[in-house]
Every structure is written in C-alpha cells, then in structure tokens.
Amino acid sequence: MGSAFVVRYQTTPESAGENQRLVEAVFTELALNQPGGLSYASFRLDDGVSFVHVGVVEGDGNPLAASTAFHEFQRGIRERAPEGPVPSGATLIGSYGFSSDHNGTK
C-alpha cells in the first residue's frame, strides 16, 4: 500500500478558471506520459472556487515531481489561492470504481 494525500484550497473567483486549466494540463501530461505508481484525481467543488486533489503514490518517488505541467501549476498557486493549499496525509480505507481515466469527462 502506498501513501495517500489530500490537498484542498480555494482560489479567488477570478483565477478559478485558470486554475482548472492548469490542473487539466497536468492530467493531459499524465495521460501522455503514463507514469506508474500514481493514482490521482482532482475535483472542482460546486462553489466554483474550491478544489480538492486526492492521490495515492506507490513506491518511493512521487511521479508528480517529474511533471512539467505540475510544476507550472504550482508556480502561481499562492496568487490563485492566497490562503494556500492545505495538504494532508491520508489513509486509504477503500475505494470502488475510482478510475484515473475518467479525467472529468462523461
């Protein structure tokens, strides 16, 4: 079993769309490179400005650390989310139908 994480934050209303675009770019790059050892999902909540990222990393390294798009996403996070992200470790209790290939599409 790997290590799980949850990160939550609120963006400013003006930057929520840009934040979503940057998150989508991360998933586009992940789909292209298909790094192993990572299960990852991001959600934009119904308030339109809150985001939650959930992931499980298997092994020693986090594949997100090698992602150019993830570094681009992180670069301006303090401007988009002035209160900053709140990361938390987590313990995966179980999952059902949680698919990394959904990518926000139906």
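Above: the structure in question.
Rules used throughout
Residues numbered from 1 in each chain as written. Predicted model: local features only at pLDDT ≥ 70, side-chain atom pairs only at ≥ 80, totals over all residues. Heavy atoms only, no water. Helix = DSSP H or I, 4+ residues; strand = E, 2+ residues; numbered from the N terminus. Buried < 20%, exposed > 50% of the residue type's maximum accessible area, 1.4 Å probe, protein only. Pairing = 2+ DSSP bridges. Phe/Tyr/Trp six-rings, centres within 6.5 Å; stacked < 30°, edge-to-face > 60°.

Student: With reference to specific residues and values, describe the environment of L92.
Tutor: Locating L92 in the fold gives a position in the segment after β4 (86-90). Take L92: its relative accessible area is 37%, and that puts it in the partly exposed class.

Student: Pulling in residues and values, what's your account of the pairing of strand β1 (residues 3-10)?
Tutor: Here β1 pairs with strand β3 (residues 50-57) via eight bridges, running antiparallel. Following the sheet pairing, S3 is matched in β3 by V57. Pairing of β1 with β4 involves five bridges; the strand directions are antiparallel. Bridge assignment links R8 to a residue of β4, and that residue is V86.

Student: Explain the packing of aromatic side chains residue by residue, including any values.
Tutor: Applying the stated criterion across every chain, the model contains five aromatic pairs. Considering the side-chain rings of Y9 and F73, the 6.4 Å spacing of their centres and the 45° angle between planes classify their relative orientation as tilted. Highlighted residues: Y9 in strand β1 and F73 in helix α2 (residues 68-75), separated in sequence by 64 residues. Both rings, one in F27 and one in Y40, keep their centres 5.1 Å apart while their planes meet at 15°; by these two values the pair is stacked. Pair noted here: F27 is in helix α1 (residues 16-33) and Y40 is in strand β2 (residues 38-44), with a separation of 13 residues, a long-range link. Of the residues examined, F27 reaches a relative accessible area of 10% and is grouped as buried. One aromatic cluster is present, formed by Y9, F51, F70 and F73 through successive ring pairs.

Student: Before we move on, can you summarise the side chain of N19 with the specific residues and values?
Tutor: Within the secondary structure, N19 is located in helix α1. N19 gets classed as buried once you look at its relative accessible area, which sits at 0%.

Student: Please provide a residue-by-residue account of unusual backbone geometry, values included.
Tutor: The general pattern is negative phi for most residues beyond glycine and trans for most peptide bonds. Backbone geometry places Q34, a non-glycine residue, at a positive phi of 45°. Along the chain, Q34 falls in the loop between α1 and β2. We classify Q34 as exposed; its relative accessible area is 65%.

Remember that the coordinates give geometry; whether it matters functionally is a separate question.
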